[in-house]
Amino acid sequence: MEREFIMIKPDGVQRNLVGEVISRIEKVGFKILAMKFHKVTMDQAEKHYAIHKERPFYEGLLEYITSGPVVSMIVEGKEAVKITRKLVGATNPVDAEPGSIRGDYALEIGRNIIHAADTPENAIMEYQIYFNDNEIQSYERIDEDWIYE
Ligand code: IDP
Ligand code: MG
């Protein structure tokens, strides 16, 4: 099993896409281990996006991600990172396939609705910015025998 860190960005919250996005994550079979409705602080944003520090869009990205409440979650499942990234779609909605979240609900790269970590290692690093260990739940879902053979 693998863990993935996902965040519905401020535009996703403002555009009433919280339920839609969570529904897609749930329905594919991922187990929600943690979830939080909160505002990203500038300190958290700088840690989260440190890798993009030198990019021209960095300042705008920090402003965007801290501009309003977000929904952050940790989900678990087989190939969680790879499958979530497919559900999310390409970074630029212009390139995101129809059926993906960005392909269905976004038009611009700087307003692309959702974040998902790109590797299992980054997922752990990222969710540690937003969650304490005691906020991560451990439980069995009753449909697990029907999701995994
Ligand atoms: P990802 O979110 O698909 O992993 P990254 O390349 O890691 O894409 O970029 C992180 C975030 O930075 C993107 O989701 C998007 O919000 C923002 N971003 C990336 N490139 C641009 C750009 O060229 N203009 C504006 N924002 C950008
Ligand atoms: Mg990324």
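Everything numeric here is computed off the predicted structure, so don't read it as measured data.

Asker: How would you sum up the sheet that holds strand β3 (residues 69-77)? Please name residues and give values.
Answerer: Pairing is antiparallel across the open sheet formed by four strands, whose spatial order is β2-β3-β1-β4. What marks the edges here is a single partner per strand, and that holds for β2 (31-39) and β4 (114-116). Adjacent strand axes in the sheet meet at a mean angle of 15 degrees, parallel and antiparallel pairs treated alike. Sheet topology note: the strand β1 (residues 2-8)/β4 ladder contains three bridges and is antiparallel. Across the sheet, methionine 7 pairs through a bridge with histidine 115, a residue of β4. Sheet contacts for helix α7 (residues 120-130): β1, β2, β3 and β4; angle to β1, the most-contacted strand, approximately 55 degrees.

Asker: Break down the packing of aromatic side chains for me, citing the residues and quoting the values.
Answerer: Counting across every chain of the model gives one aromatic pair. Considering the side-chain rings of phenylalanine 5 and tyrosine 130, the 5.3 Å spacing of their centres and the 5 degrees angle between planes classify their relative orientation as stacked. Here phenylalanine 5 is found in strand β1, whereas its partner tyrosine 130 is found in helix α7, with 125 residues between them in sequence. Taking relative accessible area as the criterion, phenylalanine 5 reaches 0% and is therefore assigned buried. The residue whose ring lies beneath lysine 31 is tyrosine 139, and the NZ or CZ to ring-centre distance is 5.2 Å.

Asker: How would you explain the site of ligand 1 if you had to name every residue and give the values?
Answerer: Around ligand 1 sit Lys9, Tyr49, His52, Phe57, Leu61, Tyr64, Arg85, Thr91, Arg102, Ile109, Gly110 and Asn112, and that is every residue in its neighbourhood. Separating an oxygen atom of ligand 1 from a side-chain N or O atom of histidine 52 is a distance of 3.0 Å. Arginine 102 is positioned such that a nitrogen or oxygen atom in its side chain is 3.0 Å from an oxygen atom of ligand 1. Computed on the free molecule, ligand 1 has an accessible area of 530 Å², of which 77% lies beneath the protein chains in the complex. Judged by the fraction of its atoms near the pocket grid, ligand 1 is located in the largest pocket. For the shell around ligand 1, the residue count by class is five nonpolar, four polar and three charged.

Asker: Got a sec to walk through the side chain of serine 72? Specific residues and values, please.
Answerer: Relative to the assigned elements, serine 72 resides in strand β3. In this structure serine 72 comes out as buried when scored by relative accessible area, which is 0%. One polar contact links serine 72 to histidine 38, side chain to side chain, over a distance of 2.7 Å. Setting aside residues up to four positions removed in sequence, serine 72 forms contacts with Phe5, Ile6, Met7, Ala34, Met35, Lys36, His38 and Phe131.

Asker: Provide a residue-level description of the nonpolar core, including the pertinent values.
Answerer: Core analysis: the largest hydrophobic core is formed by 20 residues, its most contacted members being Phe5, Met7, Val40, Ile74 and Phe131. For this core, the elements supplying multiple residues, two or more each, are β1, β2, α4 (58-65), β3 and α7. In terms of residue count, the dominant contributor to this core is α4 (five residues). Not counting residues within four places of it along the chain, the set of residues in contact with phenylalanine 5 comprises His48, Ser72, Met73, His115, Ala116, Ala117, Ala123, Glu126, Tyr127, Tyr130 and Phe131. Core analysis: the second largest hydrophobic core is formed by 19 residues, Ile8, Ile25, Ile32 and Ile114 among them.

Asker: I'd like a description of the layout of surface pockets, backed by residues and values.
Answerer: In this structure, the largest pocket occupies an estimated 650 Å³ of space. Lining the largest pocket we find 27 residues, and of these Tyr49, His52, Phe57, Leu61 and His115 sit closest to its centre. Those elements giving two or more residues to the lining of the largest pocket turn out to be α3 (42-48), α4, β4 and α7. Considering every element that reaches the lining of the largest pocket, the biggest residue donor is α7, with four residues. Along the lines of polarity and charge, the residues of the lining of the largest pocket split into 12 nonpolar, eight polar and seven charged.

Cut-offs used in this document
- Residues numbered from 1 in each chain as written.
- Chains lettered and ligands numbered in written order.
- Predicted model: local features only at pLDDT ≥ 70, side-chain atom pairs only at ≥ 80, totals over all residues.
- Heavy atoms only, no water.
- Pairing = 2+ DSSP bridges.
- Helix = DSSP H or I, 4+ residues; strand = E, 2+ residues; numbered from the N terminus.
- Axes fitted to C-alpha atoms, helices over the stretch in contact; angles between N-to-C directions.
- Contact = heavy atoms within 4.5 Å.
- Phe/Tyr/Trp six-rings, centres within 6.5 Å; stacked < 30°, edge-to-face > 60°.
- Buried < 20%, exposed > 50% of the residue type's maximum accessible area, 1.4 Å probe, protein only.
- Lys NZ or Arg CZ within 6 Å of the ring centre and 35° of its normal.
- Near = heavy atom within 4 Å.
- Polar contact = N/O pair within 3.5 Å; in protein donor to acceptor, adjacent residues only side chain to side chain.
- Areas by Shrake-Rupley, 256 points an atom, 1.4 Å probe, with all protein chains shown as cover.
- 1 Å grid on protein atoms, 1.4 Å probe; cavity = no way out; pocket = protein on both sides within 12 Å on 5 of 7 lines; lining within 4 Å.
- Sits in = over half its atoms within 2 Å of the grid points.
- Nonpolar A, V, L, I, M, F, W, Y, C, P; charged D, E, K, R; others polar.
- Core = buried A, V, L, I, M, F, W, Y, C linked by side-chain atoms within 4.5 Å.
- Points joined across faces, edges and corners; volume = space filled by probe spheres on them.

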